[in-house]
Amino acid sequence: MALQSLDITRRSATTTPAPSVRQTTEVAKLIDVSACIGCKACQAACMEWNDIRDEIGTCHGVYDNPMDLTAKSWTVMRYAEVEQDGRLEWLIRKDGCMHCADPGCLKACPAPGAILQYANGIVDFHEEHCIGCGYCITGCPFNIPRLSKEDGKAYKCSLCSDRVAVGQAPACIKACPTGALQFGAKEQMKHYAEERIHDLQSRGYQKAGLYDPPGVGGTHVMYVLHHADQPELYSRLPNDPGISPLVSLWKGVAKPLATLALAGVALGSLFHYVTKGPNEVSKELEDELEKEDAK
Amino acid sequence: MIRNPKDLARYTAHERANHWVVGISFILLALSGLAFFHPAFFPLAQLFGGGTWARILHPYVGVLMAVSFLVLFFRFSALNAMTPADREWLSRVGEMVDGNDHDMPEQGKYNGGQKLMFWALALCMLLLVASGIVMWRAWFDVPVGVIRLGAVVHAATAAVMIALIFVHVYAAIWVKGTIRAMWYGTVTRAWAKQHHRAWYRQVTGKS
Ligand code: HEM
Ligand code: SF4
């Protein structure tokens, strides 16, 4: 990781600048929901490349399997059956970390260097620095990180930062048989998305559009949605995600100010002592009692 | 000189031990909690064997503190009921802080400031326990909105409580002859007469 560590934009729980002399192109994964057939090849590729095998679960009577993200399933396909204009639509969304430009996980993390954001936009967890508090889950607007029951560390999609660092596309991209998953420079991906959206609009999906939510500064995983006006249709993809105001309050300026206030109370006490002097029992009272005793 | 038989008993051994369990757990909680509070304090995690250990231990120490504080609370709550004399004392606390305590209203076992501190700390404890449990992912799984609120409440209350404890400890250092009450349970008669005259009269039967 020595080379990679020169292009870090943000480092969790660190108040000085991250090593960022090298600038790299911002990358993005584009998920074209309209072209996804829900085959889960990406899920399998993710397991294979990252060498993680989730527990074998049980069938819940739906296609979703596993039912949710876990510490060992960093991406899952979510299948929603919705009615639009009297027609049934089967909306399939590949869920996983969005690699936010303004990541709530990183903002909330109290462990220095446990979460990094690279200049290329990837938000990566470094589990060897993770303390297992789960603050990243509290901070994330997309409910992505998961704590492992085995080691107590938080895990999520790394956008295959190891592959991207050596010029390879993420494993899921390689596996997708329909071209629903694309990867490249973020600008390029936006152009590609425009073409797709045009095509969808010409075929009757007036509200087709790109999901690159500005509330988190944009994301490095973007969706092409046929119903971009109703992202919630896609298994509750948030409409206008952003870091919760409570998380901003919790992690904002109040803390340095509180720290100064605490220092103020401690120093104030010290100076009170040296200016006013200690509050001692008066000599007269002591003498008075001594006289009483002598009687 | 320290163990004058005429000294007045202020705390029993049980009360003192109870107080020290609360005090020690508070210090451990403040040190480990501050490690997560702001990066400036993260090195404090080393005192507990690193960030992960601090994260694991903190809530359990919290439970110990909650239980021992509850016992302390029931021991002392009746003695901390506010009276008009306490309010009068509080309204003139400025004179006290200024070091001029001669004409302060006469006080019982606790003065208005101590009583206010007692209730403020009890409230802080309640908020810290409730919000701490909400954030405790090893055992509890609550909706994320509640955890977010809990995190804010926990951090804010912890900061307030640490400040209150600074004041509590400083008051004991400032008023000479006080700390021994928590070491071996007694105070001198002169100390009692000066700072808690009503209590002095009550326990000695003198004026
Ligand atoms: C029953 C009592 C308590 C429980 C269950 C509790 C639990 C927790 C938990 C679960 C965390 C998150 C980190 C972790 O997982 O270890 C935390 C953080 C913290 N705790 Fe506590 N705690 C308690 C009492 C206290 C007390 C008395 C203090 C006062 C000094 C305190 C100060 C803190 C601070 C400063 C943080 C960091 C908050 C932040 O990240 O902004 N806690 N506590
Ligand atoms: S989606 Fe969640 S885990 Fe991923 S970068 Fe954004 S805040 Fe972090």
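Residues numbered from 1 in each chain as written. Chains lettered and ligands numbered in written order. Predicted model: local features only at pLDDT ≥ 70, side-chain atom pairs only at ≥ 80, totals over all residues. Heavy atoms only, no water.

**Brief notes about the overall build of chain B**
- When helices and strands are counted, chain B shows nine helices and two strands.
- Reading chain B from its N terminus to its C terminus gives the helix and strand order β-α-α-α-α-α-α-α-β-α-α.
- Residues counted as buried form 46% of the 207 residues belonging to chain B.
- Relative to all contacts within chain B whose residues are 6 or more apart in sequence, the contacts with residues 24 or more apart total 68%.
- Summed over all atoms, the accessible surface of chain B reaches about 10500 Å², with 71% contributed by carbon and sulfur.
- The positive charge centre, built from 19 side chains, and the negative charge centre, built from 10, are 9 Å apart in chain B. (Helix = DSSP H or I, 4+ residues; strand = E, 2+ residues; numbered from the N terminus. Buried < 20%, exposed > 50% of the residue type's maximum accessible area, 1.4 Å probe, protein only. Contact = heavy atoms within 4.5 Å. Areas by Shrake-Rupley, 256 points an atom, 1.4 Å probe, with all protein chains shown as cover. Lys, Arg positive; Asp, Glu negative; His and termini not counted. Charge placed at Lys NZ, Arg CZ, Asp CG, Glu CD.)

**A word on the interface of chain A and chain B**
- Contacts between chain A and chain B engage 49 residues on the former and 44 residues on the latter.
- It is Ile131(A), Leu262(A) and Asn279(A) in chain A that bury the most area against chain B; as a group they hold 18% of the surface buried on that side.
- There are five salt bridges connecting chain A and chain B.
- In this structure, Lys276(A) engages Asp98(B) in a salt bridge whose closest nitrogen and oxygen atoms are separated by 2.7 Å.
- Seen at the junction of chain A and chain B, the total is 23 residue pairs in polar contact (both at pLDDT 80 or more).
- Mapped by element, the contributors of at least two residues to the side of chain A that touches chain B are helix H3 (135-139), helix H7 (245-250), helix H8 (254-276) and helix H9 (283-294) of chain A. (Buried area = accessible area lost by both parts, 1.4 Å probe. Salt bridge = Lys/Arg side-chain N within 4 Å of Asp/Glu carboxyl O. Polar contact = N/O pair within 3.5 Å; in protein donor to acceptor, adjacent residues only side chain to side chain.)

**Overview of the domain arrangement of chain A**
- For chain A, the domain assignment lists domain 1 (8-240) and domain 2 (248-294).
- Computed over C-alpha atoms only, the centres of domain 1 of chain A and domain 2 of chain A are separated by 54 Å. (Domains from an automatic or database assignment.)

**Some words on the sheet that holds strand S5 (residues 115-118) of chain A**
All names here are of chain A.
- Taken in spatial order, the three strands line up as S1-S5-S6 in an open sheet, and their pairing is antiparallel. In the strand order of this sheet, the two ends are held by strand S1 (8-11) and strand S6 (123-125), each with one partner. Averaged over all pairs of adjacent strands, the angle between their axes in this sheet comes to 25 degrees, without regard to strand direction.
- When S1 meets S5, the two strands line up antiparallel, connected through three bridges. (Pairing = 2+ DSSP bridges. Axes fitted to C-alpha atoms, helices over the stretch in contact; angles between N-to-C directions.)

**Points about the site of ligand 2**
- Near ligand 2 there are 14 residues, and of these Cys97(A), Met98(A), Cys100(A), Cys105(A) and Cys140(A) occur at the shortest range.
- Tallied by class, the residues present in the shell around ligand 2 amount to eleven nonpolar, two polar and one charged. (Near = heavy atom within 4 Å. Nonpolar A, V, L, I, M, F, W, Y, C, P; charged D, E, K, R; others polar.)

**Focus: the packing of aromatic side chains**
- For the structure shown, the criterion picks out 16 aromatic pairs over all chains.
- Aromatic pair Phe73(B) and Phe118(B): ring centres 5.5 Å apart, planes at 10 degrees, arrangement stacked. Taken as a pair, Phe73(B) in helix H2 (residues 51-76) and Phe118(B) in helix H5 (residues 112-135) lie far apart in primary sequence, 45 residues in all. We note that Phe73(B), like Phe118(B), is buried.
- An aromatic cluster is built from Phe73(B), Phe74(B), Phe118(B) and Trp119(B), whose rings are joined through pairwise contacts.
- Above the face of the Trp49(A) ring, Arg163(A) is positioned so that its terminal group lies 4.6 Å from the ring centre. (Phe/Tyr/Trp six-rings, centres within 6.5 Å; stacked < 30°, edge-to-face > 60°. Lys NZ or Arg CZ within 6 Å of the ring centre and 35° of its normal.)

**Considerations on the coordination of the iron atom of ligand 1**
All names here are of chain B.
- Here the iron atom of ligand 1 is held by the protein donor atoms His58 (NE2) and His154 (NE2), which lie 2.0 Å from it.
- Given six donor atoms and angles of 86 to 179 degrees at the metal, the environment of the iron atom of ligand 1 is assigned as octahedral. Here His58 is found in helix H2, whereas its partner His154 is found in helix H6 (residues 144-174), with 96 residues between them in sequence. (Donors = N, O, S within 2.8 Å, 3.2 Å for Na, K, Ca; no water. Tetrahedral: all angles 85-135°; square planar, octahedral: opposite > 155°, others 65-115°.)

**Observations concerning the site of ligand 1**
- Around ligand 1 sit 26 residues in total, of which Tyr135(A), Lys255(A), Arg55(B), His58(B) and His154(B) are the nearest.
- A distance of 2.6 Å is found between an oxygen atom of ligand 1 and a side-chain nitrogen or oxygen belonging to Lys255(A).
- Separating an oxygen atom of ligand 1 from a backbone N or O atom of Phe36(B) is a distance of 3.3 Å.
- Among the secondary structure elements, those contributing two or more residues to the shell around ligand 1 are helix H1 (13-37), H2, H5 and H6 of chain B.
- Of the residues forming the shell around ligand 1, the biggest block, seven residues, is contributed by H1(B).

**Some words on the packing of H2(B) against H5(B)**
Residues and elements named next belong to chain B.
- Interaxial distance between H2 and H5 falls to 11 Å at its minimum, and their mutual angle equals 150 degrees. The orientation of H2 with respect to H5, classified from their angle, is roughly antiparallel. Between H2 and H5 lies a crossing of left-handed hand. When H2 is examined against H5, the residues Met65, Ala66, Phe69, Phe73 and Phe76 are found in contact with a partner set consisting of Phe118, Trp119, Leu121, Ala122, Met125 and Val129. (Parallel < 35°, antiparallel > 145°, perpendicular 65-115°, else oblique. Left-handed = near helix turned anticlockwise from the far one by under 90°.)

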